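So the chains spell out like this:
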Amino acid sequence: MQTKFQRWKESITATDIVMWVIGFALLVLIIFGSILTLRAGRYTPVQWFDFVIYGLAQGSIYALVAMGYTLVYGVLRMINFAHSEVFMSGPFTAYYVAAYFYRSSLLESHPVICLIIVFIVSMSISTLIAFLLERIAYRPLRNAPRLIPLITAIGASFTLMYLFRGLYGTGFQAYPVWKIFDGKWALFQGLEIGKMQLFVIFAAALVMIALYMFIQRTRIGKAVRSVSEDKEAASLMGVDIDKTISITFIIGGAAAGAAGVLYALVFKQVFFMMGFIPGIKAFTAAVLGGIGNIPGAMLGGLLLGLLESIGPALFLDGYNVVAPYQLKDAIAFLVLVLVLIFRPTGLLGERLAVKKA
Amino acid sequence: MAVDGLDIEIEEKTIHSVIGPNGAGKTTFFNCITGFYKPEAGEIFLENHSLVGLMPDRIVRLGIARTYQNIRLFPDLTAIENVLVGMHAHLKSSYLGIILNTPFVKREEQEAEDEANRLLKFVNLETKANMLSKHLPYGDQRRLEIARALATRPKLLCLDEPTAGMNSGETQAMCDFIQSLRDDLGITIMLIEHQMRVVMGISEIITVLDYGKKLAEGTPDEIKRNPKVIEAYLGQGSAAQSH
Amino acid sequence: MEQIRAIWRYGIKVGIIGGIVLVLMALIGMIEVFTQRQVIADIISMGHALYLAAGLFICYMAAKRTTPAKPLWIISNSIFAGLTTAFFLVLLIILGRNVNLRMMFINASDLLLNNLLTFGVEGNSGILLLLYVGMFTGLITGCFYLLPKIVRTVILWSLAGSAFAGVLQELIRPILTNNFPDAISEWLLTSDGLTMRGALSIFIFIALAIISWSIKGAGIKQGWQGLPKKQQSTWRTIGTIILLAIILVAPWRLGLFMSEVMTIVGLYVLLGLGLNIVVGYAGLLDLGYVAFFAIGAYVTALITSPEIMNLNWSLWAAIPFAIFFGILAGVLLGVPVLKMRGDYLAIATMGFGEIIRLLVLSDALRPFLGGSQGIGKIAKAQVLGFVFKGPQEIYYLIIAGCILVIFVSWRLKDSRIGRAWKAMREDEDVAQAMGINLVSNKLLAFGTGAGFAALSGVIFGSKIGSIYPHSFNIMVSINIVCLIIFGGIGSIPGVIVGAAALIGLPELLREFAEYRFLVYGIALVVMMLIRPEGLWPEEAHKRELHKGNAKEAPG
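Residues numbered from 1 in each chain as written. Chains lettered and ligands numbered in written order. Predicted model: local features only at pLDDT ≥ 70, side-chain atom pairs only at ≥ 80, totals over all residues. Heavy atoms only, no water.

**Student:** Any chance you could explain the overall build of chain B here in plain terms?
**Tutor:** Check the secondary structure of chain B and you find 10 helices and 8 strands. On C-alpha atoms alone, chain B measures out to a radius of gyration of 19 Å, which is about the 18 Å that the 2.2 N^0.38 rule sets for 243 residues. Along the longest, intermediate and shortest principal axes, the C-alpha atoms of chain B span 75 × 40 × 30 Å. Looking at chain B as a whole, 53% of its 243 residues are labelled buried. Taking the contacts inside chain B whose residues are at least 6 apart along the sequence as the reference set, 67% of them involve residues at least 24 apart. Of the accessible surface of chain B, which amounts to about 11100 Å², a share of 50% is contributed by carbon and sulfur atoms. (Helix = DSSP H or I, 4+ residues; strand = E, 2+ residues; numbered from the N terminus. Rg over C-alpha atoms; globule rule 2.2 N^0.38 Å. Buried < 20%, exposed > 50% of the residue type's maximum accessible area, 1.4 Å probe, protein only. Contact = heavy atoms within 4.5 Å. Areas by Shrake-Rupley, 256 points an atom, 1.4 Å probe, with all protein chains shown as cover.)

**Student:** Teacher, can you tell me more about the interface of chain B and chain C here?
**Tutor:** When the parts come together, some accessible area is lost, and that loss is often what is quoted as the size of the interface. Taken together, the 37 residues of chain B in the interface contact 34 residues of chain C. Carbon and sulfur atoms supply 61% of the area buried between chain B and chain C, which totals about 3400 Å² over both sides. If you sort the residues of chain B by the area they bury against chain C, B:His88, B:Tyr95 and B:Ile98 come out on top, with a joint share of 19%. Taken together, the connections running from chain B to chain C amount to 4 salt bridges. Here B:Arg72 ties to C:Asp429 by a salt bridge, and the two come within 3.6 Å at their closest N and O atoms. Inspection of the chain B/chain C interface yields 11 residue pairs in polar contact (both at pLDDT 80 or more). Per-class residue counts for the side of chain B that touches chain C are 18 nonpolar, 9 polar and 10 charged. (Buried area = accessible area lost by both parts, 1.4 Å probe. Salt bridge = Lys/Arg side-chain N within 4 Å of Asp/Glu carboxyl O. Polar contact = N/O pair within 3.5 Å; in protein donor to acceptor, adjacent residues only side chain to side chain. Nonpolar A, V, L, I, M, F, W, Y, C, P; charged D, E, K, R; others polar.)

**Student:** Quick question: what am I supposed to make of the sheet that holds strand E8 (residues 213-218) of chain B here?
**Tutor:** Sheet strands pair by backbone hydrogen bonding; their relative direction is either parallel or antiparallel. Residues and elements named next belong to chain B. Strands sit in the order E4-E5-E6-E1-E7-E8 across an open sheet of 6 strands; the sheet is mixed. With partners counted over all chains shown, the strands left at the sheet margins are strand E4 (64-66) and E8, one partner each. Sheet twist, expressed as the mean angle between neighbouring strand axes with direction ignored, is 20°. Here helix H1 (residues 26-33) sits on the sheet in contact with strand E1 (15-19), E4, strand E5 (156-160), strand E6 (188-193) and strand E7 (205-210), set at roughly 145° to E6. Those strands touched by helix H6 (residues 138-151) are E4 and E5, and its axis lies near 155° from that of E5. (Pairing = 2+ DSSP bridges. Axes fitted to C-alpha atoms, helices over the stretch in contact; angles between N-to-C directions.)

**Student:** Which parts of the structure should I look at to understand the confidence of the model for chain C?
**Tutor:** Any residue range with low pLDDT should be treated as having predicted coordinates unsuitable for detailed reading. All names here are of chain C. Looking at chain C, the pLDDT average stands at 84 and 97% of residues meet or exceed 70. Of all secondary-structure elements in chain C, the lowest mean pLDDT belongs to helix H23 (residues 540-552), at 44, while helix H19 (residues 438-464) reaches the highest, 92. Per-residue pLDDT stays below 50 along residues 540-555; that stretch engages in 13 contacts with residues further than four places along the chain or on separate chains. With a pTM of 0.86, the predicted complex shows an ipTM of 0.89. (pLDDT = per-residue confidence, 0-100.)

**Student:** Got a minute to help me understand the interface of chain A and chain C in this structure?
**Tutor:** Listed as interface residues are 58 residues of chain A and, on the opposing side, 49 residues of chain C. Of the roughly 4900 Å² buried at the junction of chain A and chain C (both faces included), carbon and sulfur atoms supply 78%. Looking only at chain A, the three residues that lose the most surface to chain C are A:Ile151, A:Phe158 and A:Leu167, adding up to 13% of its buried area. Connecting chain A to chain C are 0 salt bridges. Viewed at the interface, chain C and chain A are joined by 5 residue pairs in polar contact (both at pLDDT 80 or more). Here the side of chain A that touches chain C gets 16 residues from one element, more than from any other, and that element is helix H7 (residues 147-168) of chain A.

**Student:** Hey, could you run me through the environment of A:Tyr43 in this one?
**Tutor:** Mapped onto the elements, A:Tyr43 comes out in the loop between helix H2 (14-40) and helix H3 (45-76). Dropping the residues within four chain positions of it, A:Tyr43 is found in contact with A:Thr37, A:Trp48, A:Phe51, A:Ala313 and A:Asp317.

**Student:** Please clarify how the pairing of E8(B) should be interpreted in this entry.
**Tutor:** The two faces of the sheet receive side chains in turn, since in a regular strand these alternate between them. Here E7(B) runs beside E8(B); their pairing, made up of 5 bridges, is antiparallel. Note that in E8(B) the partner of B:Asp210 across the bridge is B:Lys213.

**Student:** Whenever I open this one, a nonpolar patch on the surface confuses me. Can you help?
**Tutor:** A cluster of nonpolar side chains, namely C:Ile308, C:Met309, C:Leu311, C:Trp313, C:Phe321, C:Phe324, C:Phe325, C:Leu328 and C:Leu332, defines an oily patch on the protein surface of about 810 Å² accessible area. By the element assignment, C:Phe325 lies in helix H13 (residues 315-334). (Patch = residues over 30% accessible without salt bridge, like charges linked within 9 Å, V, L, I, M, F, W, Y side chains within 5 Å.)

**Student:** Whenever I open this one, the pattern of salt bridges confuses me. Can you help?
**Tutor:** Oppositely charged side chains may form a pair once their charged atoms are brought near each other. Using the criterion set out here, one finds 26 salt bridges over all chains in the structure. With its nearest N and O atoms 2.6 Å apart, the salt bridge here joins B:Asp140 to B:Arg143. Residue B:Asp140 and its partner B:Arg143 are located together in helix H6, separated by 3 residues, close to a single helical turn. What you see here is one network of salt bridges that share partners, running through A:Glu134, A:Arg139, A:Arg142 and A:Asp242.

**Student:** Looking at this structure, I do not really get the packing of helix H4 (residues 83-103) of chain A against H7(A). What am I missing?
**Tutor:** A packed helix pair is summarised by two numbers, namely the angle formed by the two axes and the spacing between the axes. Residues and elements named next belong to chain A. Their axes nearest at 9 Å, the elements H4 and H7 cross at an angle of 15°. Comparing their axes, H7 and H4 come out roughly parallel. The element H4 and its partner H7 pack so that their crossing is left-handed. Residue-level contacts link Ser84, Glu85, Met88, Ser89, Phe92, Thr93 and Tyr96 of H4 to Ser157, Leu160, Met161, Phe164 and Tyr168 of H7. (Parallel < 35°, antiparallel > 145°, perpendicular 65-115°, else oblique. Left-handed = near helix turned anticlockwise from the far one by under 90°.)

**Student:** Can you walk me through the side chain of C:Ser462 in this structure?
**Tutor:** Residues and elements named next belong to chain C. By secondary structure assignment, the location of Ser462 is in helix H19. Residue classification places Ser462 among the buried positions, given a relative accessible area of 0%. Filtering out sequence-adjacent residues up to four positions away, Ser462 remains in contact with Leu315, Ile378, Ala379, Lys380, Ala381 and Ile394.

**Student:** What exactly am I supposed to notice about the environment of C:Tyr281 here?
**Tutor:** All names here are of chain C. Mapped onto the secondary structure, Tyr281 falls in helix H11 (residues 229-281). You can call Tyr281 buried: its relative accessible area is 0%. Separated by 140 residues in the primary sequence, Tyr281 and Trp421 have C-alpha atoms spaced 5.6 Å apart. In this structure, Tyr281 is in contact with Asn276, Ser409, Lys413, Trp421, Lys422, Arg425, Gly490 and Ile492, ignoring residues within four places of it in sequence.

**Student:** How should the environment of C:Val33 be read in this particular structure?
**Tutor:** All names here are of chain C. If you trace the backbone, Val33 turns up in helix H2 (residues 30-34). In this structure Val33 comes out as partly exposed when scored by relative accessible area, which is 23%. Through-space distance from the C-alpha of Val33 to that of Phe512 is 8.5 Å; in sequence the pair is 479 residues apart. Once residues within four sequence positions are removed from consideration, Val33 is found in contact with Glu511 and Tyr515.

**Student:** Please explain the domain arrangement of chain B as it appears in this structure.
**Tutor:** All names here are of chain B. Domain annotation for chain B reports domain 1 (1-63 + 154-243) and domain 2 (75-151). Summarising the inter-unit geometry, the C-alpha centres of domain 1 and domain 2 are found 28 Å apart. On the side of domain 2, 11 residues touch domain 1, which itself brings 17 residues to the contact. For the pair domain 1 and domain 2, the summed buried area comes to about 1100 Å², and 78% of that belongs to carbon and sulfur atoms. Taken together, the links from domain 1 to domain 2 amount to 0 salt bridges. Remark: the boundary between domain 1 and domain 2 carries 2 residue pairs in polar contact (both at pLDDT 80 or more). Counting residues per element, the side of domain 1 that touches domain 2 draws most heavily on helix H7 (residues 168-185), which supplies 6 residues. When grouped by side-chain class, the residues that make up the side of domain 1 that touches domain 2 number 11 nonpolar, 2 polar and 4 charged. (Domains from an automatic or database assignment.)

**Student:** Help me understand a negative patch on the surface, please; the structure alone is not making it clear to me.
**Tutor:** Negative charge collects at one region of the surface, where B:Asp7, B:Glu9, B:Glu11 and B:Glu12 lie side by side. Its location among the elements puts B:Glu12 in the segment before E1. (Lys, Arg positive; Asp, Glu negative; His and termini not counted. Charge placed at Lys NZ, Arg CZ, Asp CG, Glu CD.)

**Student:** Could you clarify how one ought to interpret H7(A) in this entry?
**Tutor:** Given 3.6 residues per helical turn, the α-helix brings residues three or four places apart onto the same face. Residues and elements named next belong to chain A. Between its first and last C-alpha atoms H7 spans 32 Å; for 22 residues at 1.5 Å apiece the expected length is 32 Å, and the two agree. In terms of residue burial, H7 counts as a mostly covered element, since 21 of its 22 residues are buried. Residue Gly169 follows H7 closely and has a positive phi angle near 90°. (Expected span 1.5 Å × (residues − 1).)

**Student:** What exactly am I supposed to notice about a positive patch on the surface here?
**Tutor:** Residues and elements named next belong to chain C. On the surface, Arg5, Arg9, Lys13 and Arg65 cluster together into a patch of positive charge. By residue number, the principal contributor to the positive patch is helix H1 (residues 2-27), which donates 3 residues. As for its position among the elements, Arg65 is in helix H3 (residues 46-65). Take Arg65: its relative accessible area is 45%, and that puts it in the partly exposed class.

**Student:** Can you walk me through the pairing of E7(B) in this structure?
**Tutor:** All names here are of chain B. With 5 of its 6 residues buried, E7 lies for the most part within the structure. Bridge analysis of E1 against E7 gives 4 bridges, and the strand direction is parallel. Across the sheet, residue His16 finds its bridge partner in E7, namely Ile205. Counting the residues in the hairpin turn of E7 and E8 gives 2 residues, including Tyr211, whose phi is positive at 50°.

Below, the structure is given as structure tokens:
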């Protein structure tokens, strides 16, 4: 035991110590801030409950998008930077369908059918974009050094973003409002839950469960999993690698398309750069949960949503920071960086970020 | 793959081979010595320095250099640059000195280049100094890797299957070359091999590993006659026959 | 039968792809916007040139892909590719007549669909004309493809040259009017585009140049190599001096607009060379690089501006502080990411960059950093009463910065430290096993890059006068990465070429600004697919050496 401890002591380097000091300082700041906020009692329990619900709704959207990152990372070991544009393309296109329904007052008379059609359009466009992306940009580079696909992905992301900007214009388009989602349901003791939030959480859960079942139960899903385990072995067992990778992109695209509509319903607007921030957040969620791990992506998404919605109030308000909500994104990025530094495996994943020979 | 309860002592200026079937833990053993893996227990000493827990770059500076089983040169650097990288630890040019191009830096660079050329000449690559290492033929790459390891001025040179993928003629040439490393430069050499016949000719001492444990140790003649070795190498059947 | 299959495979399929591309080009408004600029006055606009060039390229691809390469097949496939492409455009036009496409596609204007796409002819005859043009494009391209290679090269380059000259009038005009007799510019240019005779003269000039080079070029090269070393180096020195002289007088001979463009390009060269050390030499993909640029600019602002800290120091005093804080930040942000590799490093550094921007932007830090209002009244540099005020003066600051940074990069490149960086880039584990201390060398790379970025931040702050957090978003980082990769990763001239192409060109083509990032994206993807080493790769000189050596020592 003694020797083990000594050995451990010897293997610590100066950088490790610096990192621990930074980590510890952050932890102290966070805990102290939370205590200050809670003691000041600035928020009522009802407000905290609202934060949680908003966080869960937001988080389930992240979780859906994160699935795309995780699946692709699983099979190709690359960060699909352009996934945020897959997420944007669906709802942005479906906006025009929704706007048509709104003008022709179909939205008024058949809201559920319209919603379903909007979902279908969005999911198919996102799926198509994801599929083409893999075919055109990524497939020829499958065996290139790691930096090259990443840069291609950045390029593809730009191309898609500005292609849609050229097609649909630079402006923010206001998504039509579904009246059925207005209002709240009262729970007990004055707690209320927004119908929209409830719908988002349920719809996202439904899509996630469906996709998860698809991957776990079906033959195609098994092929996807086998490719992410070991490409060569899978190919020897008769799995068509190219097809499986395409399918992976398609699944990710469908999830992103669905998530995109939910996002557009919550924020009530679409524009060509709408994918960027949620994309990075979703990637953060995937890393947080352990990239390559599907349940991890879901868990990571929900956690990140909660952190973002509760975090600014809980950690920063105690210090009397002006407008803590502006730092919401900074908290998300901080989470990303901290996870990459201290636990690159994520909560449920394997160790991938630091690979030894 | 693991190494367990291994106790090896390497004499100065010998050629000491470590052999064993695939998966016997030879490369793991190498990685422990050169600092890529940290052994859970046990000690490694070079002369009187303990090596456990040191980073690989420290260990190189103390005098242990290595090559890789599946050649790992810097593919987009030229042959001479590869060798110069090996000399990194012994050069002292500072950041500022380099930018100001002080006389010291100039002299040191010139000396380094001369020595690199000398090493390339030693491995018969002097005409290919400016070729990218990825464009070199296989045998040249092997020798360049050794030249790069020599550039670190090692006391102990660890060669990981230097004859892998070579035909018998090339293998013989490599063996002669290894011998000349010891004879001409006076470097202690540790050689990993899984082919028995390669090491028999050139080693003074052979250690046989199997499943991470030391099976036998001795001169080539002793090893040849050791029944445990025969069993591990030729399988149970032939061992039974020899009884 | 076989020929029909070939037509389908090489002609129509390529045409379908081309048709989709051209329809997208039309729908994003590229063609319409570009028709506002004339390449050859009153004959062809940039939009139509682009439109035709895209068509030609599609037919060329169809011809090139045809196997077996029988002349008749090539021509027929090329024609079919052209027709198919035109057919898609016709579909778009007909669709546009019946449905209001503008509800969805903001750029699908009447003018575009009924006039521009059909070369100014409206109605059904326009559609017919479009189909004819498609067919003739195919026919011409097919025949062109059958010409001998040297002829093709000459025609292609000469055409491209005249088109380029037309597109870049903004650059050519001040050069001609300020430095040459008026007759030349009158011969070549009108107020809007090239003249016909100008375009023809440029075409002939380039064609002659290429032909004479292909005849005499080898001899000249040999003559150069035959020269003794000493003479070569004297000539090189003379060349460098001439180049420097041109660079030094450039802003006064080219006018204000060009000076402004050159200062912007110069700033990106500075930034690019800094990141080149981190990405190109050490192989650490840093997407948060803009943070150090921001730190340089903000430190300068805080020290020299009367706002916030009210120190009012001179710009010269700010430079060492800015660089110091830049390097410090580079090292501090480098420590946590030491163990990360490849894409994880990219994401983590991007996270850092965004955190810094969001902090600067936030109201919480407004009393210290100005929030979204930024900081104004940053000092200009002064030497003995000479104020570096406008772009023509700032230019010299930037040139001085560039020379310094190029000098440092060049010295480091082939030194002990540069080799250690390159070794880390190639294989981190082996580099470590060769005695390279990863921690100190990585931090050196981060620190050097950050220092350069901070220096350009100082100049940027002083040039702009007031800075805002919006100037430092992630797009800047990505721009810099793009220009490095485009020019050739790890190569000093590559950075300059990349900055001129990706930053300078869009500034010269104002209409282009709208599509700048689209073209960036496509350029990046295409570059990675067909030429990942960049326009001016680092290894170019080595390859030559390699050829020379191979001759000496076969085997």
